[in-house]
Amino acid sequence: MTDTTTYQTPAWRRHRSRRLRTLRRPVALLLAGTLGLGALSGCAPGQSDVVTLDFFQFKSEAIADFDGIIADFEAENPGIRVTQNAVPDADTAIRTLLVKNKVPDVISLNGSGNFGQLARAGVFHDFSGDPVLDRINPAVQDIVGALGFYQNEVNALGFANNGNGVLYNRDIFAAQGIEIPTTWDELIAACDTLQAAGIAPFYGTAADAWTVQSSLNGIGAQLGGDDFFPDLRAEGKEVGPDSAVSFAKNYDETFEKLQTLYSYAQDGYLGRTYEDGNLAFANGESAMLMQGIWALSPILANNPDISVGGFPYPVTDDPADIELVSGVDVAIAIGRDTPRLAEARLFVDFLFQEEVQNSFAASQNMFSTARDAAENTNPALAELQPYFQAGRITGFVDHQIPASIPLGPIVQQFLTDENSAKALATLDNEWRKVASRTTSTRSGD
């Protein structure tokens, strides 16, 4: 599948009307009194009865997909129009709108640290108790909740997820008799076999600092522990040599393994970019690439015939402990106190119909977050799909780290000087500075 795929009105739509009305009935009945019969019936209301929703949409490559979804929604809800507002710099744009008190009705954002900060500020609607939650993979909502929330609320819904692992060339693996590694020792053995055959195990792209965060996420999210960041936030400005948790104490193994994997990268990897890596991997210049499934489209664009798959970082000695690091690529929220809450909820309810989610995820080379989602038919995701379906997923490390901390450059420098103690101490110091500023602001200093 290439990146030219767009959302298509699926065949199921021609036959789904009665079934989807049944699926939506809990929310539709709840909203009927607010919307009035004109908005929910098949009769077209007068122009003055039409309600327009402002849909803030951050993902430029999904504009066509959402156009198709909106057209389907409007056809079934003639009393509602949805205006999709796609912006190039969503993080800046949404903050600007919030400052101006122009909160969109429905909002799509990447499930990142920026979203977490906004959620903690209380700008999003609370979905607690909403029937739509029953349709979403609980493990996905755990990742959303870990990013941040306001007073124990549910402030966003996971709509589509990515996967961050190791991409591999199936033909090279087969030619060398290598099976997908399921333990750390098996991964290192595979690297040694490839290196002995004159094949670069990995193609490194450390010239782009953000790319080294992919492997840090894949390793650290599994080894760092689920409680690490909550405990780190509790330590605040006390993080350091004597604190109960710190990067220096808890992430030393992560950095050690990170350094080991990059020792198997090609010569000169510090000067190679993300685009260099995608092209080189597509041309068979390495057996593996330390990137998530977002790299599939450019890889396949460079070589549509490559047989590529993926697997989670096998960082432990027990295959049962492996988790797929998965980010909520698209999270859906509603603006708090929107005067069009009923209509916004009806649109969100439509988005979370299983068939709509599945079609969107397939188009975007991602995983549907529907609780009972059908398997993604993209063969490149075949080895990752079971982890997602079983709920063996965990969130990104860098989504928990404030944007003011230069994580990518710190890791980039570590790969240059191979001084993990320095890098980890720097992370602790940067965390401490952010926590001190936050505390000062809250106390009015």
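Our subject is the structure listed above.
Remember, predicted model here, so these are calculated numbers, not experimental data.

Novice: Which parts of the structure should I look at to understand the pairing of strand β7 (residues 308–311)?
Specialist: Where a strand is regular, its side chains alternate between the two sheet faces. Residues Val308 and Gly310 line one face of β7 and the alternating positions Gly309 and Phe311 line the opposite face, and both faces are buried. With four bridges joining them, strand β5 (residues 166–169) and β7 adopt antiparallel strand pairing. Bridge assignment links Val166 to a residue of β7, and that residue is Phe311.

Novice: Looking at this structure, I do not really get the sheet that holds β7. What am I missing?
Specialist: The strands making up a sheet associate through hydrogen bonds between their backbones, and the pairing can be parallel or antiparallel. Reading across from one edge, β6-β5-β7 is the order of the three strands in this open sheet, with antiparallel pairing throughout. In this open sheet, the two edge strands, each paired with only one partner strand, are β6 (288–289) and β7. Where β5 lies against β6, two bridges are found, and the strand directions are antiparallel. Across the sheet, residue Tyr168 finds its bridge partner in β6, namely Met288.

Novice: Even after reading the chapter, I still don't get the nonpolar core, so can you show me in this structure?
Specialist: Within soluble globular proteins, side chains that are nonpolar generally end up buried alongside one another. Ranked by size, the top nonpolar core spans 74 residues in total, and within it Leu109, Phe124, Phe159, Phe347, Phe352 and Phe360 carry the most contacts. Within the second largest apolar cluster, 52 residues are counted, among which are Val166, Tyr168, Phe229 and Val239.

Novice: Got a minute to help me understand the sheet that holds strand β3 (residues 106–109) in this structure?
Specialist: With mixed pairing, the six strands of this open sheet are ordered in space as β2-β1-β3-β9-β4-β10. The sheet is open, and its two borders are formed by β2 (80–86) and β10 (367–368), each paired with just one other strand. Sheet topology note: the β3/strand β9 (residues 328–334) ladder contains four bridges and is antiparallel. Residue Ile107 lies in a different strand from β9, and its bridge partner there is Ala333. Where helix α15 (residues 341–351) meets the sheet, its contacts fall on β1 (51–57), β2, β3, β4 (157–161) and β9, and the angle it forms with β9 comes to roughly 155 degrees.

Novice: Looking at this structure, how should I read the pairing of β4?
Specialist: With respect to burial, β4 is a largely interior element, five of its five residues being buried. In this structure, β4 lies alongside β9, joined through four bridges in antiparallel fashion. Paired with Ala160 across the bridge in β9 is Val330. As paired elements, β4 and β10 share two bridges and run antiparallel to each other. Considered in β10, the bridge of Asn161 is made with Phe367.

Novice: What am I meant to see in the packing of helix α12 (residues 252–262) against helix α18 (residues 407–417) here?
Specialist: Each pair of packed helices can be described by the angle between their axes along with the distance between the axes. At a closest axis distance of 10 Å, the pairing of α12 and α18 adopts a crossing angle of 60 degrees. Considered as vectors, α12 and α18 are oriented oblique to each other. As α12 runs across α18, the sense of the crossing is right-handed. Along the contact surface, α12 presents Phe255, Leu258, Gln259 and Tyr262, while α18 presents Val411, Phe414 and Leu415.

Novice: Any chance you could explain unusual backbone geometry here in plain terms?
Specialist: Peptide bonds are trans in most cases, and residues, glycine excluded, mostly fall at negative phi. One non-glycine residue with positive phi stands out, namely Asn152, at about 65 degrees. For Asn152, a relative accessible area of 66% translates into the label exposed. If you check the backbone angles, Asn365 has positive phi at about 55 degrees while not being a glycine. Here Asn365 lies in the loop between α16 (354–363) and β10.

Cut-offs and rules
Per chain, the residues get numbers from 1 upward, laid out in the order the sequence is written. Residues qualify for local features only when their pLDDT is at least 70, as the model is predicted, and side-chain atom pairs are given and counted only at 80 or more; totals for whole chains, interfaces and linings, by contrast, use all residues. As a rule here, side-chain values cover all heavy atoms of the structure and leave hydrogens and water aside. Buried residues are those whose accessible area, probed at 1.4 Å on protein chains only, stays under 20% of the maximum for their type, while exposed residues exceed 50% and partly exposed ones sit between those limits. Counting from the N terminus, the helices are the DSSP runs of H or I reaching at least four residues and the strands are the DSSP runs of E reaching at least two. Two strands pair if DSSP finds at least two bridges between them. To form a nonpolar core, buried Ala, Val, Leu, Ile, Met, Phe, Trp, Tyr and Cys residues must be joined to one another through side-chain atoms within 4.5 Å. The contact definition used throughout considers only heavy atoms, calling two residues in contact when any of these lie within 4.5 Å. Helix axes are fitted only over the stretch in contact, all axes being lines through C-alpha atoms; the angle between N-to-C directions runs from 0 to 180 degrees. When an angle is under 35 degrees it counts as roughly parallel; over 145 it counts as roughly antiparallel; between 65 and 115 it counts as roughly perpendicular; any other value is oblique. Crossings are classed by handedness, with left-handed meaning an anticlockwise turn of the near helix from the far one by less than a right angle and right-handed meaning a clockwise turn.

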